[in-house]
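Single-letter residue listing:
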Amino acid sequence: MNIPSGLPSEPLLGMIVALGDDELVLGHRNSEWTGFAPILEEDIAFSNIAQDELGHSLAWFSLHEQLTGKTPDWMAFERNWRDFACCRLVAYPKGDFAYTVVRQFFFDAAEQVRMKSFAQSSFDPLRQLSVKILAEEAYHLMHSQGLVERLGDGTEESHRRMQAAAETAFPQSLGLFEDFPAEADLVKAGVVKPSRELQEEWLTEIMRVLTRATLVVPVRKKNGTFEPECSPDLGGRTGRHTDDLRQLVSDLQHVYQLAPGQPW
Amino acid sequence: MSDTQWETYEVFHQSRRGRPHEHVGSVHAPDPEMALQMARDQFARRLDCVSLWVVRSSDIAQTDYQDPNFFSQVFDKSYRDPKAFDAPARTEPAES
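Quick caveat: nothing in here was measured; it's all calculated off a predicted structure.

## Thoughts on the packing of helix H2 (residues 40–68) of chain A against helix H4 (residues 97–117) of chain A
All names here are of chain A.
1) Next: Here H2 crosses H4 at 35°, and the two axes come no closer than 13 Å. For H2 against H4, the interelement crossing comes out left-handed. Residues Glu42, Phe46, Ile49, Glu53, His56 and Trp60 of H2 form the contact with H4, whose participating residues are Phe97, Thr100, Gln104, Phe107, Asp108, Glu111 and Met115.
2) Next: A class-by-class count of the residues in the contact of H2 with H4 yields 6 nonpolar, 3 polar and 4 charged.

As structure tokens, then:
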């Protein structure tokens, strides 16, 4: 498969890798709850969600492979961690269950908004893949949103923990909407909507739920839309990661690197 | 220590439209909506499924295993058994 002439190929490939990395890294973080979640049912649910995210990352890397020839295994197991393009949000340690739930909710809501925006993309494969991802993501969002509402507006302790998690995760989540490298070219070619617009839609979505959950994050309302009142945690899209990603990727690649290229 | 467990919901699973919902197990959940989501993860991911029911376990009225008489057959009632004809395992839809 080739990228149609007229579309900026480097930025497009970069964005595909970034979206695959978000899913791969968050999927790995979620898998750390397997066997440890506070409730048996959630243990299974989060393991399912983790596998779904890994499946989405495989879908992105398969598309990338069709365009570049690099295999998904190479992307996941042989790439240097500095070449990952995930946002910082997904690499932070899993924290307590409240942090995991809030981060997952912010991520699911963002993915929903972004995948819907791909319905108008000038690059066909994005349109097709987003339809498949949305079908599964709708359920993820229902799940994490349900937990945010019930734990946010739950007991004194659950509210306290969820509020603390929301304060931590909110500036980090703004990193989901950090511009992709050369994003202006992608916008001009009709491949994507500007991240800034997606962030606005995302804020409207999450504020509706956070209000019901009695949780507060630093935003102000201006002309009917929300604007963050804190500095976003950026850097991931251009490879400025925290040490958490280095450790995570080292764990992720550990077994593979014992015998690189060995068939399973 | 206080009881931090959520209440349990019994889960009924239907594999095809028209088939009966069959009891497959139970889940812990804070309310019916979450119970359906939990049930989806526990029981519908690897089985064919078109519908799930959840019922709060405490809403089910049940017989008492300790009550010896509830199901007892003291008198011979064999004359009531439909033994004189063969009942088909399933019925065919009527010709229209």
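Moving on from the model shown.
## Quick word on the nonpolar core
Residue and element names in this part refer to chain A.
1) Next: Grouped together as the largest cluster of nonpolar side chains are 70 residues, with contacts concentrated most on Phe106, Val148, Phe170, Trp202, Ile206 and Leu210.
2) Next: Ranked by residues supplied to this core, first place goes to H4 with 11 residues.
3) Next: Once residues within four sequence positions are removed from consideration, valine 148 is found in contact with Val101, Phe105, Asp153, Met162, Val209, Leu210, Ala213 and Leu215.
4) Next: In terms of nonpolar packing, the next biggest core, distinct from the first, is built from 22 residues, Ile16, Ala18, Leu67 and Phe123 among them.

## What to know about empty space enclosed by the protein
All names here are of chain A.
1) Next: Taken as a whole, this structure holds 2 cavities of 30 Å³ or more when the rule is applied.
2) Next: Volume-wise, the largest cavity comes out at about 80 Å³.
3) Next: Forming the walls of the largest cavity are Leu19, Asp22, Glu23, Trp60, Phe107, Ala110, Glu111, Arg114, Met115 and Leu176.
4) Next: Listing elements by their share of the lining of the largest cavity, those giving two or more residues are helix H1 (9–31) and H4.
5) Next: The biggest single contributor to the lining of the largest cavity is H4, with 5 residues.
6) Next: Here the residues of the lining of the largest cavity sort into 6 nonpolar, no polar and 4 charged.
7) Next: Roughly 30 Å³ of volume is contained in the second largest cavity.
8) Next: The wall of the second largest cavity is formed by Met15, Arg114, Phe118, Phe180, Val192, Lys193, Ser195 and Leu198.

## A closer look at the confidence of the model for chain A
1) Next: Residues with a pLDDT of 70 or more make up 100% of chain A, whose mean pLDDT is 95.
2) Next: When pLDDT is averaged over each element of chain A, helix H6 (residues 156–173) of chain A comes out on top at 98 and strand S1 (residues 219–222) of chain A at the bottom at 93.

## Observations regarding helix H8 (residues 195–212) of chain A
Residues and elements named next belong to chain A.
1) Next: Taking 1.5 Å per residue, 18 residues should reach 26 Å; H8 reaches 26 Å between its end C-alpha atoms and fits that length.
2) Next: Structurally, H8 contributes buried residues whose contacts are with H4, helix H5 (124–152), H6, helix H7 (183–188), S1 and strand S2 (225–228).
3) Next: Threonine 214 sits one or two residues past H8 and shows a positive phi near 55°.

## A few points about the interface of chain B and chain A
By a widely used convention, the size of an interface equals the accessible area lost when the partners come together.
1) Next: In this complex, chain B contributes 13 residues to the contact, which on the side of chain A involves 13 residues.
2) Next: Both faces combined, the contact of chain B with chain A buries some 1,300 Å², and carbon together with sulfur accounts for 50% of it.
3) Next: A per-residue breakdown of the area chain B buries against chain A is headed by B:Gln37, B:Asp41 and B:Arg45, which together make up 37% of the total.
4) Next: Summed over the shared surface of chain B and chain A, the number is 3 salt bridges.
5) Next: The closest approach of N and O atoms between B:Asp31 and A:Arg150, which form a salt bridge, is 2.4 Å.
6) Next: Between chain B and chain A we count 8 residue pairs in polar contact (both at pLDDT 80 or more) in total.
7) Next: Among the elements that line the side of chain B that touches chain A, the one with the most residues is helix H1 (residues 32–43) of chain B, at 7 residues.
8) Next: Tallied by class, the residues present in the side of chain B that touches chain A amount to 5 nonpolar, 3 polar and 5 charged.

## Thoughts on the pairing of S2(A)
Residue and element names in this part refer to chain A.
1) Next: Judged from the 4 bridges that link them, S1 and S2 form a sheet pairing that is antiparallel. Across the sheet, the residue bridging to valine 219 is proline 228, located in S2.
2) Next: What sits between S1 and S2 in their antiparallel hairpin is a turn of 2 residues, with asparagine 223 showing a positive phi close to 50°.

## Observations concerning the sheet that holds strand S2 (residues 22–29) of chain B
Residues and elements named next belong to chain B.
1) Next: The sheet built from 3 strands is open, its strands ordered S2-S1-S3 with antiparallel pairing. Strands at the two margins of the open sheet, each flanked by one partner only, are S2 and strand S3 (51–56). Strand-to-strand twist in this sheet, taken as the mean axis angle between neighbours without regard to direction, amounts to 30°.
2) Next: Here 6 bridges tie strand S1 (residues 7–14) to S3, and the two strands are oriented antiparallel to one another.

What counts as what
- Residues numbered from 1 in each chain as written.
- Chains lettered and ligands numbered in written order.
- Predicted model: local features only at pLDDT ≥ 70, side-chain atom pairs only at ≥ 80, totals over all residues.
- Heavy atoms only, no water.
- Axes fitted to C-alpha atoms, helices over the stretch in contact; angles between N-to-C directions.
- Helix = DSSP H or I, 4+ residues; strand = E, 2+ residues; numbered from the N terminus.
- Left-handed = near helix turned anticlockwise from the far one by under 90°.
- Contact = heavy atoms within 4.5 Å.
- Nonpolar A, V, L, I, M, F, W, Y, C, P; charged D, E, K, R; others polar.
- Core = buried A, V, L, I, M, F, W, Y, C linked by side-chain atoms within 4.5 Å.
- Buried < 20%, exposed > 50% of the residue type's maximum accessible area, 1.4 Å probe, protein only.
- 1 Å grid on protein atoms, 1.4 Å probe; cavity = no way out; pocket = protein on both sides within 12 Å on 5 of 7 lines; lining within 4 Å.
- Points joined across faces, edges and corners; volume = space filled by probe spheres on them.
- pLDDT = per-residue confidence, 0-100.
- Expected span 1.5 Å × (residues − 1).
- Buried area = accessible area lost by both parts, 1.4 Å probe.
- Salt bridge = Lys/Arg side-chain N within 4 Å of Asp/Glu carboxyl O.
- Polar contact = N/O pair within 3.5 Å; in protein donor to acceptor, adjacent residues only side chain to side chain.
- Pairing = 2+ DSSP bridges.

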